[in-house]
Every structure is written in structure tokens, then in C-alpha cells.
Amino acid sequence: SKDAYPSPKPSKLGYDPLQWLWDILEKLLDSHLPIIDIDGDKFSSSDSFRGARWRGKDCNDFAKDVYPGRAQSNYNAYVDHNCNGIYGVNPATLKSYESELCDGIPSYGVAVLGDSASAHFHIPPSYMMAQLINETTYENIVDILLDEFDWPHMSSSTGFEESDWQGRPPGPVNSFYLLMRDRNRCVHRDYQNIAVNGARSGSMADDIVYTFSRNKTTDRPIWLTYALIGNDVCNGHPDFDHFTTPEQMFDNVMKTLNYLDNGVLPAKSHVFIMGLADGTKLYDFLHNRIHPLGALRKDITYAQFYDFMNCVQASPCWGWMNTNETVRNITQQHANGLNVVLQNITLNQKFSNFDLHYFASPINAVINM
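So, here's what we can say about the structure.

Scoring rules and cut-offs
Residues numbered from 1 in each chain as written. Predicted model: local features only at pLDDT ≥ 70, side-chain atom pairs only at ≥ 80, totals over all residues. Heavy atoms only, no water. Pairing = 2+ DSSP bridges. Helix = DSSP H or I, 4+ residues; strand = E, 2+ residues; numbered from the N terminus. Axes fitted to C-alpha atoms, helices over the stretch in contact; angles between N-to-C directions. Contact = heavy atoms within 4.5 Å. Parallel < 35°, antiparallel > 145°, perpendicular 65-115°, else oblique. Left-handed = near helix turned anticlockwise from the far one by under 90°. Salt bridge = Lys/Arg side-chain N within 4 Å of Asp/Glu carboxyl O. Nonpolar A, V, L, I, M, F, W, Y, C, P; charged D, E, K, R; others polar. Buried < 20%, exposed > 50% of the residue type's maximum accessible area, 1.4 Å probe, protein only. Polar contact = N/O pair within 3.5 Å; in protein donor to acceptor, adjacent residues only side chain to side chain.

1. Overview of the sheet that holds strand 2 (residues 191-195)
Sheets are built from strands that pair by backbone hydrogen bonding, the pairs being arranged parallel or antiparallel. Overall, parallel pairing links the five strands, which are arranged 2-1-3-4-5 in an open sheet. Where the open sheet ends on each side, the last strands, each with one partner, are strand 2 and strand 5 (354-359). In this sheet, adjacent strand axes meet at a mean angle of 15° when their direction is disregarded. As defined by bridge partners, strand 4 (residues 269-274) adjoins strand 5 across six bridges and the pair is classed as parallel. Each bridged residue has a counterpart across the sheet, and for isoleucine 273 the counterpart in strand 5 is tyrosine 358. Set on the sheet, helix 7 (residues 246-264) makes contact with strand 1 (109-114), strand 3 (222-227), strand 4 and strand 5; between it and strand 5 the angle comes to about 145°. Its contacts with the sheet put helix 10 (residues 325-348) on strand 4 and strand 5, and the angle it makes with strand 5 is roughly 150°.

2. Some words on the packing of helix 7 against helix 10
For any two helices packed against each other, one specifies the crossing angle of their axes together with the interaxial distance. In contact at an axis separation of 10 Å, helix 7 and helix 10 are set at 40° when each is read in the N-to-C sense. Put simply, helix 7 runs oblique to helix 10. Where helix 7 crosses over helix 10, the two elements pack in a sense that is right-handed. The segment helix 7 lies against helix 10, with Pro246, Met249, Phe250, Val253, Met254 and Leu257 engaging His334, Leu338, Val341, Leu342 and Ile345.

3. Here's the deal with the pattern of salt bridges
Summed over all chains, the structure comprises eight salt bridges. A salt bridge links lysine 57 to aspartate 47, with the shortest nitrogen-to-oxygen separation between them at 3.3 Å. With lysine 57 in the loop between helix 1 (19-31) and helix 2 (97-102) and aspartate 47 in the loop between helix 1 and helix 2, this pair connects stretches of sequence that are 10 residues apart. Put simply, aspartate 206 and lysine 255 hold a salt bridge, and the shortest N to O gap is 2.8 Å.

4. Structural notes on the packing of helix 8 (residues 279-286) against helix 10
The contact between helix 8 and helix 10 brings their axes to 9 Å, and the two run at 145°. Where helix 8 abuts helix 10, its residues Gly279, Thr280, Tyr283 and Asp284 lie against Arg328, Asn329 and Gln332. Of the residues that constitute the contact of helix 8 with helix 10, the class distribution is one nonpolar, four polar and two charged.

5. Focus: the side chain of threonine 137
Structurally, threonine 137 is set in the loop between helix 3 (116-119) and helix 4 (141-146). Of the residues examined, threonine 137 reaches a relative accessible area of 3% and is grouped as buried. Within the structure, threonine 137 has its side chain in polar contact with the backbone oxygen of leucine 132 (distance 3.4 Å). For threonine 137, the side chain forms a polar contact with the main-chain nitrogen of asparagine 134, separated by 2.8 Å. Discounting chain neighbours no more than four positions away, the residues touching threonine 137 are Ser126, Tyr127, Leu132 and Gln166.

6. Focus on the pairing of strand 1
Looking along a regular strand, one sees the side chains alternate between the two faces of the sheet. Most of strand 1 is tucked away: six of the six residues are buried. Here five bridges tie strand 1 to strand 2, and the two strands are oriented parallel to one another. Bridge pairing in strand 2 places valine 110 opposite tyrosine 191.

Structural data, given as C-alpha cells:
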């Protein structure tokens, strides 16, 4: 939030010489927008700082109307106005390559509004395992910190390449975006990962969704996934009073969907709502396994780690990461109730520019693979 960094102080110069720094911190800590974005179109030519690892690379950061996903422009055929790498004129037909290759083919961008799961949050195990630390362990730590310990370029929604950094998540990379691109190269670079660690329905509705970039008039339609799979019941408070209520869930999700419909999504888009995960299954799968902190002597299980985190009041999810079965079950019952809200929204609400679908979290299928 904005309270996470200091406010600029008045300066005798009549302006604050550090205003540029406050602007950068606001983008990084509050807005979750690319820091390096010269033309202000929410796309960047740089990879990090919420740049091209999060959303398609801007091929011209000096032109606000050149960015991934654009369908129409006033530029001639020799300008790559949508950054998909297709431009120029076929000398045999005198038609633009963009027209010959892409016209008449349904083309959709890919986007996700999500939390740490969608951002592909991953702390390298070697950071916590003394026996694995060597002279190369931390050589990419600055890059990893700049991406908030997230690896969106390897995520299931918008992943597009394997990383060569030390401590990277295991591959291979296979994402919805890659599947779309492999079938239609006209959508090259048309992806946006609008995911934030700790995001829940309220923060998405109030702030995060506004960092998503789409022009409903000039841009392609999009396949967008709304995937907030846990933080509406997950927090560090040791009680049940900080869950998102069903009424709040309905209001938050509808606020987000109405903004998408009225503000940014082109016609014929598709929106998919993923349900909250079954955290009890994740606990059952992990609780008796050895946590990386105990890998050397095989003496710390995930259940013991959860107890420690709850004891020091530092758990990111008291309700699910808890050895008390009653607490886990009550948390899951509330999550199931929020899923009913999401399902009812998809069944009963209609929107002008997109159709709406619900699907259950695939966590159980993933665990059983």
C-alpha cells in the first residue's frame, strides 16, 4: 500500500528532488505497473520491474499506440503496431503480411487476474538449505527480488520461456498463452499477468484490476482468467473474523467484472472464474513431508513448520496451514461457500462484452498426477 514507503517532504527548492524516486516506489509497491515505461502504455521494453516477464514486450516504448494486442491502427504496413513481429508488404500481392496472415482468423490475447499462484511464486529451496549454498546460489538474487520472488514467465497462464537462473522452478514451461500462440502466431506477445502476491477479491476490485491494459475499441478480444484461489480465506490472523464474507465476495467480484465490461474488454472476449482451492487436500499432501528447512537432518516436516509459523504469528494462511483439523475444515467450509457465490455469478449475471464461465480449482488433479 501507499503506507509502505515514506511520503515526499516539502523542499526549499519548490519541488521535491526525489519525486522521481517516490514515483518509482509507487509503481513498484502500490500500482504494480512497469517501472520502465517511457510512453505510459503499461507495456515495457525491459524484462524486470513488472516488465516483459509480466506482459508482452513493447517493441516501441516511444509510441503510446504501439503495444501488444492492438488490432487496429493508423500506421502503415511497415510498422509493427502490435509487436507480434509481423510487418511489411508481400511484393507478389502488394498486401501487408499482417493482412494476409492474420485477417479473418480469430485472435485472442491471454490475461490472468490472480495471486501468488498465478504469478508463480517460488523461493529457491537452496536459499533455505545450508548444504546447497555455494558461490553461485545468490548470483541472480537481485533479479529474483525485482520480480517479487515470482516467475510469471514460467507460469501456467502466461509462461513463455524457461529460466536459466539459479534456483528456478523446475520446467518444462507449458502455458495457456503458449498453446494459443502455437496455434496462431498473430497473437505473439499478447499476454498480461496481472497477479500480485497476497491479492484477494477486495484488493483486485479496488486497485489491481486497473493496471490491466486493454482498449475495447482498438484491441483484440481476450481470454481472461480470474484466479484468486485462497487469500479471501488465507491470512495470518489466528481467527475466523478476517475471511471475506459471501456478500463482500459478490460485491468485489461484480465490481471487477463491471469494470472489465464497461471499461476495457473488447467485444467477444471470454472470462473464466477459477474457484478457491481445496486447502485441506494440500495439507494432506504435504504435512508429513520434509520441509526444505529440515532437509539436511530430515527433522522438520511441513506440519512442524506450520506450527512454528503460527506460533510466531507469521503464517500467510492460518486457516489452511494449521495442524488443527477443525480449523482447516472450518476454513474450507467458508471457501466452499465463496465458491458457491462465484458459481452463482457465472450462472445469473450477464455482460455485454464477454461471456462468463466457472471452473473448479485444479489443485486436486495436480496433486493426483
